[in-house]
Amino acid sequence: MSWRILAIGFVLSWAHIFAAGQPFDVSPQTALQGHTLRIRAPLQACVAWMNGRMVRLFPQPDGGALGLMPVPAEELPGIYKVHFMDAKGAQVHLILVTVREAHYRKQNIAMGKELTQLRPSAGEAEGSRAFRQTVSEVKNWSEPLQTPLSGCMTSQFGVGRLHNGNPTGDFHAGIDQRGLEGTPIHAVAGGVVKLVRKWNMHGNTVGIDHGQGLQSMYLHMSKFGIEEGATVKQGDVIGYVGSTGRSTGPHLHWSLYVNSVPVNPEEWVALSPCGVKPGATHRKSGKR
């Protein structure tokens, strides 16, 4: 076989990959704990693996495939392999990524006896878990997302929570935004409303499936503005600020989930902690 035939074969091989979509890519390739990796690949790749976690890659209008890989807030810092796999389970590509320590700080919440003794409703944990595990085919979101409120943050993602000075062993899996009772809450992106529930711990809760592994959940509402099964657009009113459930005052707790894992909303929307002017530089976290 001549070198010309080999060269033509090589070119055709790579032409097939690029014709099927964009090249293999992971962005960012250096990420903090709690962030999200955007996985892009030609259509020959169906799934991606990283540290034992698998995510689907969905065909996109540009001819390539896209998937969202969450980096859990408690993932150990280090170098990890992102494996791209085809429909037969064979590896077709490999990219190395670096996970860095986010240095999430700690936060104490003062609570009265009634709140500390509050217990979940029957099926609350199971219902929340089932919602987070939803992965639907249709992508109803695009970046950037929209903030559900204009209020500043009273609590950031990832902080280690203490109740009345006692460690809970949990971290804050969303963010809290300041808001007056009754302030409208808006959907961060389009999607299908999968949850409208009155729960003991979460309070009045709405959950929206945005498609292809992205969900948002909104807690402690005073009242609902939407029904289960409804289709919403970005910015639609879905409820109103309240203090139902385990809450010490009117505010909105909301979370983003990527393939069932809570991720940092500050990577998806522009927010400032209370006391910091919008657009000003601020430290997102301090050492634990």
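Residues numbered from 1 in each chain as written. Predicted model: local features only at pLDDT ≥ 70, side-chain atom pairs only at ≥ 80, totals over all residues. Heavy atoms only, no water.

**Overview of the state of the cysteines**
Inclusion rule: Two cysteine sulfurs form what is called a disulfide whenever their separation falls within 2.5 Å. Comment: elements are numbered from the N terminus, with helices defined as DSSP H or I runs of at least four residues and strands as E runs of at least two. Buried residues are those whose accessible area, probed at 1.4 Å on protein chains only, stays under 20% of the maximum for their type, while exposed residues exceed 50% and partly exposed ones sit between those limits.
Scanning all chains against the criterion turns up one disulfide. Cys 152 shares a disulfide with Cys 274; S-S distance 2.0 Å. Disulfide Cys 152-Cys 274: torsion about the S-S bond near 90 degrees, hence right-handed. Remark: Cys 274 occurs in the segment after strand E23 (261–263) and Cys 152 occurs in the loop between helix H3 (124–132) and strand E11 (153–155); sequence separation between them is 122 residues. Classification of Cys 152 as partly exposed rests on a relative accessible area of 24%.

**Considerations on the sheet that holds strand E19 (residues 223–224)**
For clarity, the threshold we go by: One bridge is not enough; two strands pair if DSSP finds at least two bridges between them.
One open sheet accounts for three strands, arranged E15-E21-E19; its pairing is antiparallel. This sheet does not close on itself; its edge strands, each paired only once, are strand E15 (184–186) and E19.

**Re H3**
The test is simple: Arc definition: it is the arc formed by the directions from the helix axis to the C-beta atoms.
Taken residue by residue, H3 has Glu 124, Gly 127, Ser 128 and Phe 131 as its buried positions. Each buried residue of H3 lies within a common arc of 95 degrees when the element is viewed along its axis, so the set occupies one face.

**Observations concerning the environment of Lys 198**
Our working definition: Contact definition: two residues touch when any of their heavy atoms are within 4.5 Å.
Take Lys 198: it is sitting in strand E16 (residues 191–199). Distance in space between the C-alpha atoms of Lys 198 and Glu 124 is 9.3 Å, their sequence separation being 74 residues. With residues near it in sequence (within four places) discarded, Lys 198 still touches Ser 121, Gly 203, Asn 204 and Phe 224.

**Concerning the confidence of the model for the protein**
Formally: What pLDDT expresses is the predictor's confidence in each residue, scored from 0 to 100.
Averaged over every residue, the pLDDT of the protein is 86; residues scoring 70 or more account for 80%. Segment residues 1–21: pLDDT under 50, and eleven contacts once partners within four positions in sequence are set aside and those in other chains are kept. Confidence drops under pLDDT 50 across residues 280–288; counting only partners more than four residues distant or on other chains, this segment forms 23 contacts.

**Here we look at the packing of aromatic side chains**
Here is the rule: Pairing of aromatic side chains here covers Phe, Tyr and the six-membered ring of Trp, requires ring centres within 6.5 Å, and sorts the geometry by plane angle: under 30 degrees stacked, over 60 edge-to-face, intermediate tilted.
Scanning the model with the defined rule gives three aromatic pairs in all. Here Phe 24 and Phe 84 contribute two aromatic rings whose centre-to-centre distance is 5.0 Å and whose plane-to-plane angle is 70 degrees, an arrangement assigned as edge-to-face. Within this pair, whereas Phe 24 is found in the loop between helix H1 (3–19) and strand E1 (25–27), its partner Phe 84 is found in strand E8 (residues 78–85), the two being separated by 60 residues in sequence. The pair formed by Phe 24 and Phe 84 is uniform in burial state, with each residue classed as buried. Seen in terms of ring centroids, Trp 141 and Trp 268 are 5.8 Å apart; in terms of plane orientation they differ by 70 degrees. Their pairing is edge-to-face. Taken as a pair, Trp 141 in the loop between H3 and E11 and Trp 268 in the segment after E23 lie far apart in primary sequence, 127 residues in all.

**Remarks on the nonpolar core**
Note the threshold: Each nonpolar core is a collection of buried residues, namely Ala, Val, Leu, Ile, Met, Phe, Trp, Tyr and Cys, held together in the definition by side-chain atoms within 4.5 Å.
With 34 residues, the main nonpolar core has Val 206, Tyr 218, Ile 238, Trp 254 and Trp 268 as its most contacted residues. With four residues, strand E22 (residues 251–258) is the largest single contributor of residues to this core. Every residue in contact with Trp 254, bar those within four places of it in the chain, is listed here: Pro 148, Gly 174, Ile 175, Gln 177, Val 188, Met 217, Tyr 218, Pro 265, Val 269 and Leu 271. Ile 39, Ala 41, Met 50 and Val 71 belong to the second largest nonpolar core, which has 20 residues in total.

**Here's the deal with the pairing of strand E9 (residues 91–100)**
Sheet topology places strand E2 (residues 30–32) next to E9; three bridges connect them, and they run parallel. Each residue of the ladder has a partner; that of Ala 31, found in E9, is Val 99. As judged from the eight bridges shared by E8 and E9, these two strands associate in the antiparallel manner. The residue bridging Ile 79 from the neighbouring strand is Thr 98, located in E9. Between E8 and E9, which pair antiparallel one after the other, the connecting turn spans five residues, and Gly 89 there sits at a positive phi close to 85 degrees.

**With respect to unusual backbone geometry**
Each neighbour pair has its own omega, and for Ser 27 with Pro 28 the value is -5 degrees, a cis peptide bond. The step from Glu 143 to Pro 144 runs through a cis peptide bond, and the omega angle for that step is 5 degrees. With respect to the helices, strands and loops of the structure, Pro 144 is situated in the loop between H3 and E11. Here Gln 212, not a glycine, exhibits a phi torsion of approximately 55 degrees, which is positive. Tracing the sequence through the fold places Gln 212 in the loop between strand E17 (203–211) and strand E18 (214–221).

**As for the sheet that holds E1**
If you walk across this open sheet you meet the four strands as E1-E3-E7-E6, and the pairing is antiparallel. Each edge of the open sheet carries a strand with a single partner, namely E1 and strand E6 (58–59). Relative to strand E3 (residues 36–41), E1 is paired through three bridges, and the arrangement is antiparallel. Of the residues in E3, the one forming a bridge with Val 26 is Ile 39.

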